[in-house]
Amino acid sequence: MSWYNEAIFYHIYPLGLTGAPKHNDYSAPVSRLNTLLPWIDHIREIGCTALYIGPLFESVGHGYETTDYKKLDSRLGTNEDLKNFVAACHEKEIKVIFDGVFNHTGRDFFAFKDIQQNREHSRYLNWYCNVNFGGNTEYNDGFSYENWGGYNLLVKLNQRNPEVQNYICDVIRFWVDEFDIDGIRLDCANILDFNFMKEMRAKTASMKPDFWLMGEVIHGDYSRWVNPEMLHSVTNYELHKSIYSGFNDHNFFEIAHNVRRLEAIGRQLYTFLDNHDEDRIASKLKVKEHLYPVYTCLMTLPGIPSIYYGGEWGTEGKRTSTCDDDLRPCIPAEKIPELNCELTDFISRLGKIHEENEELHTGKYQELLLTNRQYAYARWGNNSLIITALNNDDNEATLNIPVPIQAQTAVDLLNSDNETGENKVLPVQNGRLEIKLKGNWGAVLKIKGEN
């Protein structure tokens with residue numbers, strides 16, 4: 001089994017977490033990345049086995065307007081700092097993937113600077129889309145070009161140009177050779193050229209065994225991207241939306257419908273509750289106590305779960321029309337012990353359950369019980385089940401759950417007996433399991449079939 005099928009990701013936006021300046025003046029490097037070294041133990045302690053970190057490379061502002069793909073952003077430090085950071089993660093058995101921003105570059109990228117200088121005679125003219133010397137932009141270059149998202153700061157690369165393809169593959173090979181990375185998250189994968197991604201899949205497969213390609217895709221038929229020729233995974237924004245709205249509206253049917261529809265590819269999708277572009281889940285939920293069953297969903301539904309830094313403490317934050325700073329806060333490492341709380345311990349328990357039970361890695365999903373406020377589902381193993389039972393009501397609820405395997409007992413891996421401190425053991429009678437759940441809570445039950 002490949003490492004990513006078992007992984008729980010931690011997600012860091014490094015420019016924000018380290019408190020780097022918003023604008024890069026390209027002065028001498030400042031090794032802020034080294035301040036993240038103490039985070040590695042914390043990441044492992046809460047059960048995460050992989051890290052998605054980015055953007056990392058030289059840029060002028062938020063990191064997605066790349067100036068140099070082969071140089072760590074000087075606000076974060078030097079390439080040696082990055083090499084040491086990845087090595088420290090690997091020592092703790094944490095895989096590392098970088099942000100690959102290959103849809104566009106910044107205006108300070110060498111190829112664009114060459115067009116500014118040499119205009120129609122630039123050898124890099126066809127590196128970008130729709131360069132038009134009859135147009136202009138607010139930067140008054142004397143030409144226009146295709147951008148991303150309406151921002152002329154982000155100049156769209158021509159991914160169909162073989163020179164661009166070769167250059168980007170060379171960048172990835174450099175990242176593998178220099179930093180020993182384990183995969184890439186492709187920014188804006190929903191608009192990347194499909195042939196370009198197929199070429200990338202073929203070439204990266206030869207660079208390192210089990211090299212993982214995950215794409216940022218907001219909506220659409222995910223199977224168009226996730227297949228043996230292209231990407232291993234994409235961001236599951238559809239499940240993300242159904243989870244928070246399903247809890248807010250007391251409508252588990254929305255979550256269950258989404259999971260059923262995506263089951264064919266769901267075990268490979270990258271699942272999350274918040275990220276560097278989305279309001280914090282703690283700010284989206286109307287009932288803060290729902291954080292507990294929400295994280296239980298994340299860790300037990302099909303998918304490769306990811307925790308965005310600060311989520312383990314219930315950090316809140318909302319974006320505005322002009323600023324994402326609240327989503328990307330600076331948190332000094334020395335504050336970790338005082339921030340750790342009941343939710344942190346709860347997520348750590350879920351992380352251990354996920355790591356130790358193969359049913360949650362590749363197990364087939366089966367819906368067992370569904371109402372607006374109660375939900376139970378199974379993940380199948382080899383003559384075993386993990387059954388997750390959830391209650392999003394404020395009041396206690398009793399769930400009577402069918403057990404689709406012959407067994408006599410179920411062990412609650414999440415909840416302990418108050419008297420003994422041991423995991424609760426519940427009887428399975430006549431093929432059914434009855435469990436009482438307090439309000440806004442859940443259980444994760446291990447059932448081993450009888451031979």
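Since the structure is predicted, the reported quantities are computational estimates derived from the model, not experimental observations.

Caption draft 1: Quick look at helix α7 (residues 194–207). For α7, with 14 residues, the first-to-last C-alpha span of 20 Å sits near the 20 Å given by 1.5 Å per residue. Three or more residues of α7 are buried, namely F196, M197, M200, R201, T204 and M207. Projected down its long axis, α7 shows its buried positions confined to an angular sector of 140°, all on one face. Of the residues in α7, the exposed ones pointing more than 90 degrees away from the buried face are N195, A205 and S206. Looking at the packing, one finds that the buried side of α7 touches α6 (162–179), β9 (183–186) and β10 (212–215). Where α7 begins, one side-chain oxygen reaches toward the backbone nitrogen of N195, 3.2 Å away; that side chain belongs to D193.

Caption draft 2: Geometry of empty space enclosed by the protein. Under the criterion given, the structure shown has 3 cavities of 30 Å³ or more. Here the largest cavity defines a volume of roughly 70 Å³. Along the walls of the largest cavity sit H11, Y52, R185, M214, E216, T235, Y237, Y270, F272, N275 and H276, which together make up its complete lining. Of the residues assigned to the lining of the largest cavity, the class counts are 5 nonpolar, 4 polar and 2 charged.

Caption draft 3: Layout of the packing of helix α11 (residues 291–300) against helix α13 (residues 342–356). At a closest axis distance of 10 Å, the pairing of α11 and α13 adopts a crossing angle of 20°. Taken together, the axis directions place α11 and α13 in an arrangement best described as roughly parallel. Classified by chirality, the crossing of α13 by α11 is right-handed. Every residue of α13 that contacts α11 at L291, Y292, Y295, T296 and M299 is listed here: E342, L343, F346, I347, L350, G351 and H354. Across the contact of α11 with α13, the residue classes break down as 8 nonpolar, 3 polar and 1 charged.

Reading the values: the criteria
Per chain, residue numbering runs from 1 following the sequence as it is written. Residue-level local features of this predicted model are given only where pLDDT is at least 70; pairs of side-chain atoms are given and counted only at 80 or more, and the full residue set underlies all totals for whole chains, interfaces and linings. Each side-chain value is worked out from all heavy atoms of the structure, with water and hydrogens disregarded. The way it works is that DSSP assigns letters per residue, a run of H or I at least four long becomes a helix, a run of E at least two long becomes a strand, and they are numbered from the N terminus. Working rule for helices: expected span equals 1.5 Å times residues minus one. We call a residue buried when its accessible area falls under 20% of the maximum for its residue type, exposed when it is over 50%, and partly exposed in between, using a 1.4 Å probe and counting protein chains only. Each direction from the helix axis to a C-beta atom contributes to the arc, which is the arc of those directions. Any pair of residues with heavy atoms lying within 4.5 Å of one another is described as a contacting pair. By the criterion applied in these results, polar contacts are pairs of N or O atoms within 3.5 Å in which, for protein atoms, one can donate a hydrogen and the other can accept it, and in which residues neighboring in sequence qualify only through two side-chain atoms. A 1.4 Å probe that fits but cannot get out identifies a cavity on a 1 Å grid over protein atoms alone, an open set with protein on both sides within 12 Å along at least five of seven lines counts as a pocket, and a residue lines either if it has an atom within 4 Å of a point. Grid points are joined across faces, edges and corners, and a volume is the space filled by probe spheres set on the points. In the scheme used here, Gly and all other residues not listed as nonpolar or charged are polar, with Ala, Val, Leu, Ile, Met, Phe, Trp, Tyr, Cys and Pro taken as nonpolar and Asp, Glu, Lys and Arg as charged. Axes, fitted as lines to C-alpha atoms, cover a helix only where it is in contact. Angles between the N-to-C directions of the axes lie from 0 to 180 degrees. Reported orientations rely on four angle classes, namely roughly parallel under 35 degrees, roughly antiparallel over 145, roughly perpendicular from 65 to 115, and oblique for the rest. Crossing handedness is read from the near helix: turned anticlockwise from the far helix by less than a right angle, it gives a left-handed crossing, and turned clockwise, a right-handed one.

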